[in-house]
Amino acid sequence: MIQKYIGISIAIHCFLLGIPVYPIVGYNRYIPWLPTPNLLIEGKKSYMTGGCYIATAHHAYNTADRYIGLPELYGSFDLGVLSRAYAKISGTNLLRSYYQDKSIPFFMDGALRMQGFAFGMHQSITPEFSIGGFVVCERLHAQIDFALGDIKFIVTDDMKVELSNQRRLLFNQMDLGADSSTLFGLGDIDLYCAIEREWDRLFKFRTVKTALKMGLIFPTGLSWDSSLPATIFTDNNRNWGFYGSGQLTCVLKEDFTVDFGLHVYKKIPKTIFGRMPVLQEPLLFGAAKGPLNINPGFTIVFCPTVLLEHLRNGFGVAVSYSLLYHQQDRFTDKRAEQKVQTNFEMTQKLSSWAADYISLQAFYDFAGEADARVLHPTIKLKWDLPTNIFVAKKVAKTHVISLTIDCAY
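Residues numbered from 1 in each chain as written. Predicted model: local features only at pLDDT ≥ 70, side-chain atom pairs only at ≥ 80, totals over all residues. Heavy atoms only, no water.

As for the confidence of the model for the chain
- Averaged over all residues, the pLDDT of the chain equals 85, while 89% of them reach at least 70.
- In the predicted structure, residues 1–23 sits below a pLDDT of 50 and forms 60 contacts with residues beyond four places in sequence or in another chain. (pLDDT = per-residue confidence, 0-100. Contact = heavy atoms within 4.5 Å.)

Here is the structure:
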């Protein structure tokens, strides 16, 4: 299957156009790696880039434009539902009889913090053909906090303590470990190739570039651990992936550029050992465990950008808007014996998401003339700000700040 997708990707490369932009790396509902066009530097078509990133999130958008806890993106947690789901698997309900038929909701808050370093390179082979790659090394810390919700039956303080203890006991029985996790490692590796076309003085523009790019995602990133629910915040499970992007860059006049990008990203289906819901419990706490096939949906991103260069000496700014939409994923139970049926209705419904981001970028060009130095350095500070301009649903409200240095040559 993987060889088939690689073959198709290489074949399409021969017919595509592309321009130098930051690699895609991969989109998810927790930490977006948003595309950012590079500055167009005359006579220099290759560049190296490196930088550091930090990201933080404490809330998420639900379908009603309200904030919810990060873990609730996979559904609300109900101890009564989970105990009944696990009873179907184990044959025993661990709650005492008074609670077994009741709804016992818990609020789930959470936090996600990421720090990382990234390095990329774009190498021009000919004036029109180029190749490149991008890799991230990151540290992720995530946690889930539980608090008893609105109980519809009479409950005392002692009963509240009992229910919190019962949740921990049930988690231990289900091999669900700590409510927090810290992961360190590589992100997915992005390799791509591109071919560009450029026209001068077209439609009264100073320069016009039209392009497409194709890339392949190698699954080296951090992955889920079914015994640690918080690790699902990585929203990755080492799937191969590929993407294509279309780009239109118009230099309206000197130091004033408008860029439009359309990006399509797809992960290849994969079977993992994971948790599966039996009733309506969230995927994070699925009562059943076993081989689970996940076929991720397409992710589509539209990203227009305005760049203003040399506002004062080498200082400039850029503003981007990114609209992301992810289709529903498909989940298939691959267990050999399915005496207890799984239920993916809610999981699949909640797997689609959409996000709005405004990216604010300030940059400084340290070289006055493009041909003055072998390396043409530019330092960039960018803030990816989550918004809800059009549609933000079932997605984390994550802020990302990055400081990068590009060296064109």
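After that view, the rundown keeps rolling.
Some details on the packing of helix α2 (residues 79–90) against helix α3 (residues 157–173)
- With their axes 11 Å apart at the nearest point, α2 and α3 run at an angle of 35° to one another. Helix-helix and strand crossings are classified by hand; for α2 and α3 the assignment is left-handed. Residues Leu 79, Leu 82, Ser 83 and Tyr 86 of α2 touch α3, and the partners they reach there are Leu 163, Gln 166, Arg 167, Leu 170, Phe 171 and Gln 173.
- Here the residues of the contact of α2 with α3 sort into six nonpolar, three polar and one charged. (Axes fitted to C-alpha atoms, helices over the stretch in contact; angles between N-to-C directions. Helix = DSSP H or I, 4+ residues; strand = E, 2+ residues; numbered from the N terminus. Left-handed = near helix turned anticlockwise from the far one by under 90°. Nonpolar A, V, L, I, M, F, W, Y, C, P; charged D, E, K, R; others polar.)

Remarks on the side chain of Ser 181
- Tracing the backbone shows Ser 181 in strand β6 (residues 180–186).
- With a relative accessible area of 8%, Ser 181 lands in the buried category. (Buried < 20%, exposed > 50% of the residue type's maximum accessible area, 1.4 Å probe, protein only.)

Details of the sheet that holds strand β11 (residues 270–276)
- Strand order in the open sheet made by the three strands is β11-β12-β15, with antiparallel pairing throughout. Strands with a single pairing partner mark the edges of an open sheet, and in this sheet they are β11 and β15 (330–333). In this sheet, neighbouring strand axes are inclined to one another by 40° on average, regardless of whether the strands run parallel or antiparallel.
- Across four bridges, the pairing between strand β12 (residues 288–295) and β15 is antiparallel. In the sheet register, Leu 292 faces β15, and the bridge partner there is Asp 333. (Pairing = 2+ DSSP bridges.)

Considerations on the environment of Phe 129
- Relative to the helices and strands, Phe 129 resides in strand β5 (residues 129–148).
- We classify Phe 129 as partly exposed; its relative accessible area is 28%.
- Placed 68 residues apart in sequence, Phe 129 and Arg 197 show a C-alpha to C-alpha distance of 9.6 Å.
- Not counting the four nearest positions on each side in its chain, Phe 129 is found in contact with Ser 124, Cys 193, Ala 194 and Ile 195.

Regarding unusual backbone geometry
- The backbone of Asp 255 shows a phi angle near 70°, a positive value even though the residue is not glycine.
- Residue classification places Asp 255 among the partly exposed residues on the basis of a relative accessible area of 25%.
- Even without being a glycine, Asn 313 presents a positive backbone phi close to 55°.
- Note on placement: Asn 313 falls in the loop between β13 (299–312) and β14 (315–326).
- Under the relative-accessibility criterion, Asn 313 is labelled exposed at 60%.

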